[in-house]
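Chain by chain, the residues run as shown.
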Amino acid sequence: MSQLHTVNKSPLDRNALESAIQHATKGNAVLMIEDGVYGAMQGTQKSAIVSDAIGDISFYVMGPDLKARGIDEARIIDGIKVVDYSGFVELVAKHDATQSWL
Amino acid sequence: MSTKKFLYVNRKAPYGTIYALESLEVVLIGAAFEQDVSLAFLDDGVYQLAKGQSTEEVGMKNFSPTYRALGDYDVNKIYVEQESLDARGLTLDDLQPLTYEDEDDDWAEKDSIKVVSTAEMAEIMEQSDVVMSF
Amino acid sequence: MALDVGGKSVETDEEGYLENRDEWTQEIAEAIAVSENLEMSDSHWEVVNFLREYYEEYQIAPAVRVLTKAIGKKLGKDKGNSKYLYELYPYGPAKQACKIAGLPKPTGCV
């Protein structure tokens, strides 16, 4: 089973991202959306949670949500792929199941 | 009626929840009553002031330009917590400048944003008569 | 509610504010003015255009106090006072001019 985990909360406000990563198994994907996109930024107190897991888990972040919040793509952690809405749909279709971390 | 010191505390990121927009609207409504108003941005609230917000693709209203009108509403004490910026890898340069024109200084344009430490923020909270949290 | 402008129907809320700001035209503005018993002079337009620019920049319709001050700064002291603005818009400059400008009711205006 290959699961997609979506996270829509800021990692500096809630532990949804941290918990999603802890519960994601090798080969799973994590997609950061809405306030979850703050988790994709370099240089935050929580950046290491993502960068430490980047070999085992594929990370994606919603581009439109980055733009809304004024986050330049140059400031996201290396290895995270930026997707748009159709990329979101493709990710959902590609995985056997989707789990939302709210 | 004596003037009370109002402090609006903003701790949430914009767009993901309604808190940031609600707070801004309450501040603007409250400012019409000419009270002594201060705004505090800490924790994820500092994200509200990020420059370069562009919401076209998410289909939401971009309310970040409205913060720039606060000076017109005589809301010019805007405190941003240093520790909150640090935790998010942000500096003052990542925030949009907010200014006001100082009536007592020949309408000179001045910065409204002041970066303060957690200890200073605690003192600002302590000295407020009314604290509204968002 | 709807307003009839040149045979076209334009949606408004129950107080007469445009539902969709993007639909605004000068013709619609004139029609709203008529419903407010106002005849649009150059001075009326000056305030309406000012409000539209203000909204464009800050994404809000300013409260009357802010409008008065900002008009004074931009168009001169003789216009930046409530007497002048209330003469143009007797039922409230912010309220009436915003309606004509196709903007939402000013924040803080109840």
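Right above here is the structure, for reference.
Only a predicted model underlies this, so the values are computations on that prediction, with no experimental measurement involved.

### Things to note about the overall build of chain C
Piece 1. Helix and strand counts for chain C stand at 5 helices and 2 strands.
Piece 2. A globule of 110 residues ought to have a C-alpha radius of gyration of about 13 Å, and chain C, at 13 Å, matches this closely.
Piece 3. Counting only C-alpha atoms, chain C reaches 40 × 25 × 20 Å along its principal axes.
Piece 4. Looking at the 110 residues of chain C, the share that counts as buried comes to 49%.
Piece 5. Partitioning the intrachain contacts of chain C with sequence separation of at least 6 by distance along the chain shows that 51% fall at a separation of at least 24.
Piece 6. Here chain C has roughly 5,800 Å² of accessible surface; of this, 48% comes from carbon and sulfur atoms.
Piece 7. Here chain C holds 13 positive side-chain charges and 19 negative ones, and the gap between their average locations is 10 Å.

### Thoughts on the sheet that holds strand E1 (residues 3-7) of chain A
The strands that make up a sheet are held in pairs by hydrogen bonds between backbone atoms, and each pair lies either parallel or antiparallel.
All names here are of chain A.
Piece 1. An order of E4-E3-E2-E1-E5 is seen for the 5 strands of this open sheet, with the pairing classed as parallel. The sheet is open, and its two borders are formed by strand E4 (81-83) and strand E5 (97-101), each paired with just one other strand. Neighbour to neighbour, the strand axes of the sheet diverge by 25 degrees on average, direction disregarded.
Piece 2. Where E1 meets strand E2 (residues 29-32), 4 bridges bridge the pair, whose relative direction is parallel. Paired with Thr-6 across the two strands is Leu-31, which belongs to E2.
Piece 3. Its contacts with the sheet put helix H4 (residues 85-94) on E1, E2, strand E3 (58-62), E4 and E5, and the angle it makes with E3 is roughly 145 degrees.

### Points about the pattern of salt bridges
Piece 1. Enumeration according to the criterion identifies 21 salt bridges over all chains in this entry.
Piece 2. Among the ionic pairs, A:Asp13 bridges to B:Lys12, the shortest N-O distance being 3.5 Å. Pair noted here: A:Asp13 is in the loop between E1 and helix H1 (16-23) and B:Lys12 is in the loop between strand E1 (5-10) and helix H1 (19-31), and the two residues belong to different chains.
Piece 3. B:Lys77 is the partner of B:Asp36 in a salt bridge, and the nearest nitrogen-oxygen pair spans 2.3 Å. Residue B:Asp36 is found in strand E2 (residues 36-41), and its partner B:Lys77 is found in strand E3 (residues 77-81); the two are separated by 41 residues along the sequence.
Piece 4. Three or more residues are tied together by salt bridges with common partners; here these are A:Asp13, A:Arg14 and B:Lys12.

### Observations concerning the packing of aromatic side chains
Piece 1. A full pass over the atoms with the stated rule returns 7 aromatic pairs over all chains.
Piece 2. With a centroid separation of 3.5 Å and an interplanar angle of 10 degrees, the aromatic rings of A:Tyr38 and B:Tyr47 are classed as stacked. Taken together, the residues A:Tyr38 in the loop between E2 and helix H2 (47-53) and B:Tyr47 in the loop between E2 and helix H2 (64-67) connect one chain to another.
Piece 3. Judged by its relative accessible area of 1%, A:Tyr38 falls in the buried class.
Piece 4. Between B:Phe63 and B:Tyr67, the aromatic rings sit 6.2 Å apart at their centres with planes inclined by 45 degrees, giving tilted as the arrangement.
Piece 5. A residue is classified by how much of its surface remains accessible, and B:Tyr67, at 2% relative accessible area, is buried.
Piece 6. One aromatic cluster in this structure is built from B:Tyr15, B:Phe41, B:Phe63 and B:Tyr67.
Piece 7. Positioned above the aromatic ring of B:Tyr19, the side-chain terminus of B:Lys12 is 5.8 Å from the ring centre.
Piece 8. The ring of C:Trp24 has C:Arg52 lying over it, and the distance from NZ or CZ to the ring centre is 3.7 Å.

### Describing the interface of chain C and chain B
Piece 1. With 15 residues of chain C at the contact, the number on the chain B side is 16 residues.
Piece 2. If you look at where chain C meets chain B, you find 3 salt bridges.
Piece 3. For B:Glu101, the salt bridge identified is with C:Lys73, shortest N-O distance 3.0 Å.
Piece 4. Between the two partners, chain C and chain B, sit 10 residue pairs in polar contact (both at pLDDT 80 or more).

### Some details on the interface of chain B and chain A
Piece 1. At the junction of the two partners, chain B supplies 22 residues and chain A supplies 17 residues.
Piece 2. Carbon and sulfur atoms make up 45% of the surface buried where chain B meets chain A, a total of about 1,600 Å² over both sides.
Piece 3. Measuring nitrogen to oxygen at the nearest pair gives 2.5 Å for the salt bridge that ties A:Arg75 to B:Asp94.
Piece 4. Looking at the side of chain B that touches chain A, its residues break down into 8 nonpolar, 7 polar and 7 charged.

### Focus on the layout of surface pockets
Once rolled over the atoms, a probe with the size of a water molecule shows which space is left empty.
Piece 1. For the largest pocket, the calculated volume is near 880 Å³.
Piece 2. Lining the largest pocket are 29 residues, and of these B:Asp72, B:Glu101, C:Lys69, C:Ala70 and C:Lys73 sit closest to its centre.
Piece 3. Counting residues per element, the lining of the largest pocket draws most heavily on helix H3 (residues 64-75) of chain C, which supplies 7 residues.
Piece 4. Taken together, the residues of the lining of the largest pocket sort by class into 9 nonpolar, 6 polar and 14 charged.

### Some words on the sheet that holds E1(B)
All names here are of chain B.
Piece 1. The strand order E6-E3-E2-E1-E7 describes an open sheet built from 5 strands, whose pairing is parallel. Sheet topology places strand E6 (113-116) and strand E7 (130-133) at the edges, where each strand pairs with a single neighbour. When strand polarity is set aside, the average angle formed by the axes of neighbouring strands in this sheet is 25 degrees.
Piece 2. Where E1 meets E2, 6 bridges bridge the pair, whose relative direction is parallel. Looking across to E2, one finds that Lys-5 is bridged to Asp-36.

What counts and how
- Residues numbered from 1 in each chain as written.
- Chains lettered and ligands numbered in written order.
- Predicted model: local features only at pLDDT ≥ 70, side-chain atom pairs only at ≥ 80, totals over all residues.
- Heavy atoms only, no water.
- Helix = DSSP H or I, 4+ residues; strand = E, 2+ residues; numbered from the N terminus.
- Rg over C-alpha atoms; globule rule 2.2 N^0.38 Å.
- Buried < 20%, exposed > 50% of the residue type's maximum accessible area, 1.4 Å probe, protein only.
- Contact = heavy atoms within 4.5 Å.
- Areas by Shrake-Rupley, 256 points an atom, 1.4 Å probe, with all protein chains shown as cover.
- Lys, Arg positive; Asp, Glu negative; His and termini not counted.
- Charge placed at Lys NZ, Arg CZ, Asp CG, Glu CD.
- Pairing = 2+ DSSP bridges.
- Axes fitted to C-alpha atoms, helices over the stretch in contact; angles between N-to-C directions.
- Salt bridge = Lys/Arg side-chain N within 4 Å of Asp/Glu carboxyl O.
- Phe/Tyr/Trp six-rings, centres within 6.5 Å; stacked < 30°, edge-to-face > 60°.
- Lys NZ or Arg CZ within 6 Å of the ring centre and 35° of its normal.
- Polar contact = N/O pair within 3.5 Å; in protein donor to acceptor, adjacent residues only side chain to side chain.
- Buried area = accessible area lost by both parts, 1.4 Å probe.
- Nonpolar A, V, L, I, M, F, W, Y, C, P; charged D, E, K, R; others polar.
- 1 Å grid on protein atoms, 1.4 Å probe; cavity = no way out; pocket = protein on both sides within 12 Å on 5 of 7 lines; lining within 4 Å.
- Points joined across faces, edges and corners; volume = space filled by probe spheres on them.

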